[in-house]
Amino acid sequence: ARTVCAPLPVLGSDVTVPLVTGGEVAYAALDYAASAPALQRVWDDVAAYAPYYGSVHRGAGYLSQLSTDLFENARRTVAEFLDCRSDDQLVFTRSTTDSLNLLARALPADCEVFVFETEHHASLLPWQDARVTYLDAPRTPRQAVETLERALAGRDPHGPALVCVTGASNVTGELWPVRELAAAAHAHGARIVLDAAQLAPHHPVSVRDLDVDWVAFSGHKLYAPFGSGVLAGRADWLVAADPYLAGGGASRKVTRREDGGVDVEWHESAARHEAGSPNVIGAYSIASACKALAEAGFDRLVAREEYLIAKVREGLAGVPQVKVLSLFGDDAPRVGVISFVVEGWNSSHFAAALSAEYGIGVRDGLFCAHPLVRTLLGSEPQSQGECGAPEAAPGEKSLNAIRVSFGAGTPDEHVDRFVNAVRELVSDGARWQYRTEDGRCVP
Ligand code: PMP
């Protein structure tokens, strides 16, 4: 048997939740893809800093100086974690969604954007003001590269273009061929931004090695749930763009004009897009998480996650009613994010049963990736049992799916409990607890 490292300590492991059958059980957070628990180490760092909290870039006092140093050191730590180029800029944002919207606002005039329909809405939707080409879902990583190459081949290579692609799918967990897509983009004079929201918590991300122009991710998926995200990469488009938000901190000099108006000189550093008082705890917590993950070693974390993925996939494979959703097939490399449907079950009820009867937190729905989930479910048998969703008539396709996701803090017991729960629910069928007197099913 392989020896696998222990999970990293996270907050919440001693939280208990009530069960519908009576009693309490330790909560099994298996929804890391939505938001991961804080690493204990991150919490400890934040707690140690909190009494010293002060305004960033806005005070002469000792604690303001200290907070400003921590904020700027955090920028360097995260840039190092991402292996950024020396002239890259790193902007602290609120989230991946915020980062990609910022980049969308910084596109040069007449920029074309190429994006796969399989993206999370955060990377699918911010480009609506540009000329966007939506690319059909590929069925292999190779096909993804070919699809992009075909789409780029027809464009004027002298005009600006941006490709936006996810590193790991928030639905299937599958890894995308980022390096190859970046090479294809660059060969056709386009730039590429990597949505690393699901990749960065699970694998090392090297901007240099992948040769991506920008990378975006969220602190709350990287064990640092304190309200910050990151956009890092090429400075030129960011410096040429109007500030994302207008306000203090982004402006270097503001003067009244003789005609009564106001002239503004904006910063050319990352501060240009960080107007308002920065979230120092958010930034500091991300830096703390980056350090903790680097110190734990991604080799060990990836090995542990592979072990958990195998446990879940083997467990689900033993339940014939379960169909795991996949774009690239069973052998595709993936992170700990697995979506599935269960024959005879409405996905929402199944997720509710996992919570109510087993204390397991998963997600159900379309995961903010509607086109992808619809494509994946299009080929699935309908999964409505007698507790079918009201919006899907018998014979129709399943409308949503169940997603289980995990990471560095997940103990074996959580995934074992999950696999066992799936087996039990499937074999026992819908429980009476979810029926009302008139026969409707409610969680
Ligand atoms: N991209 C991907 C791949 C995601 O999984 C998510 C979050 N589910 C986002 C972007 C958006 O992240 P946030 O909600 O933190 O902005």
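Criteria and thresholds
Residues numbered from 1 in each chain as written. Predicted model: local features only at pLDDT ≥ 70, side-chain atom pairs only at ≥ 80, totals over all residues. UniProt positions renumbered as here; feature names shortened; annotations may be inferred. Domains from an automatic or database assignment. Contact = placed C-beta atoms within 7 Å. Nonpolar A, V, L, I, M, F, W, Y, C, P; charged D, E, K, R; others polar. Buried ≥ 20, exposed ≤ 12 C-beta atoms within 10 Å, placed from the backbone. Helix = DSSP H or I, 4+ residues; strand = E, 2+ residues; numbered from the N terminus. Pairing = 2+ DSSP bridges. Axes fitted to C-alpha atoms, helices over the stretch in contact; angles between N-to-C directions. Core = buried A, V, L, I, M, F, W, Y, C linked by C-beta atoms within 7 Å. Parallel < 35°, antiparallel > 145°, perpendicular 65-115°, else oblique. Near = placed C-beta within 6 Å. Left-handed = near helix turned anticlockwise from the far one by under 90°.

The chain is annotated in an unreviewed UniProt entry as Selenocysteine lyase/cysteine desulfurase from Streptomyces rishiriensis. Word for word, the UniProt comment on the chain under Cofactor (unreviewed entry) is "pyridoxal 5'-phosphate".

Draft legend 1. Spotlight on the domain arrangement of the chain. For the chain, the assigned domains read domain 1 (16-30 + 297-434) and domain 2 (42-295). Taking the mean C-alpha position of each, domain 1 and domain 2 sit 31 Å from one another. Contact residues are listed per partner, giving 27 residues for domain 1 and 23 residues for domain 2. Broken down by class, the residue content of the side of domain 1 that touches domain 2 amounts to 19 nonpolar, 5 polar and 3 charged.

Draft legend 2. Representation of the pairing of strand β10 (residues 229-233) in the model. Counting buried positions along β10 gives 5 out of 5 residues, so the element sits mostly inside the fold. The two faces of β10 match: Gly229, Leu231 and Gly233 on one face and Val230 and Ala232 on the other face are all buried. The sheet contact formed by strand β9 (residues 214-218) and β10 spans 5 bridges and is antiparallel. Across the sheet, the residue bridging to phenylalanine 217 is valine 230, located in β10.

Draft legend 3. Representation of the sheet that holds strand β8 (residues 191-195) within the structure. Here 7 strands make up an open sheet; going across it, the order is β4-β10-β9-β8-β7-β5-β6 and the pairing mixed. Looking at the sheet topology across the chains shown, the edges are occupied by β4 (89-93) and β6 (131-135). The sheet shows a mean angle of 20° between the axes of neighbouring strands, taken without regard to direction. Across the sheet, helix α6 (residues 178-187) touches β7 (161-166) and β8, and the angle it forms with β8 is around 155°.

Draft legend 4. Spotlight on the nonpolar core. Of all hydrophobic cores here, the largest spans 130 residues; its most connected members are Leu181 and Val215. Considering each element in turn, this core owes the most residues, 10 residues, to helix α9 (residues 280-296). Sequence-distant contacts of valine 215, defined by excluding residues within four places in its chain, comprise Leu82, Leu194, Ala196, Val205, Val207, Ala232 and Gly233.

Draft legend 5. How the structure looks around the packing of helix α10 (residues 298-317) against helix α13 (residues 412-428). Two elements in contact, α10 and α13, have axes whose closest approach is 9 Å; the angle formed by their N-to-C orientations is 10°. What the angle tells us is that α10 and α13 run roughly parallel. Here Leu308, Lys311, Val312, Gly315 and Leu316 of α10 lie close against α13, whose contacting residues are Val415, Phe418, Val419 and Val422. Looking at the contact of α10 with α13, its residues break down into 7 nonpolar, 1 polar and 1 charged.

Draft legend 6. How the structure looks around helix α3 (residues 96-105). When you tally the buried positions in α3, you get 9 out of 10 residues, the bulk of the element. Along α3, the positions that sit buried rather than exposed are Thr96, Thr97, Asp98, Ser99, Leu100, Asn101, Leu102, Leu103 and Ala104. Packed against the buried residues of α3 are β4, α4 (121-124), β8, β9 and β10.

Draft legend 7. Highlighting the site of the ligand. As a matter of local geometry, the ligand sits amid 15 residues, with Ser95, Thr97, Asn170, Ala197 and Ser218 nearest to it. If you list the elements that add at least two residues to the shell around the ligand, you get α3 and α4.

Draft legend 8. Representation of the packing of helix α1 (residues 40-49) against α9. Two elements in contact, α1 and α9, have axes separated by 9 Å at closest approach and are oriented at 140°. Our classification of the angle between α1 and α9 gives oblique. Here α1 and α9 pass one another in a crossing that is right-handed. Of the residues in α9, those in contact with Arg41, Val42, Asp45, Val46 and Tyr49 of α1 are Ile281, Tyr284, Ser285, Ser288, Ala289 and Ala292.

Draft legend 9. Spatial organisation of the environment of arginine 417. Topologically, arginine 417 is positioned in helix α13. Once the C-alpha coordinates of arginine 417 and alanine 292 are considered, the two residues, 125 residues apart in sequence, prove to be 27 Å apart. If we ignore the near neighbours within four places in the chain, the residues touching arginine 417 are Ala28, Tyr358 and Ile360.

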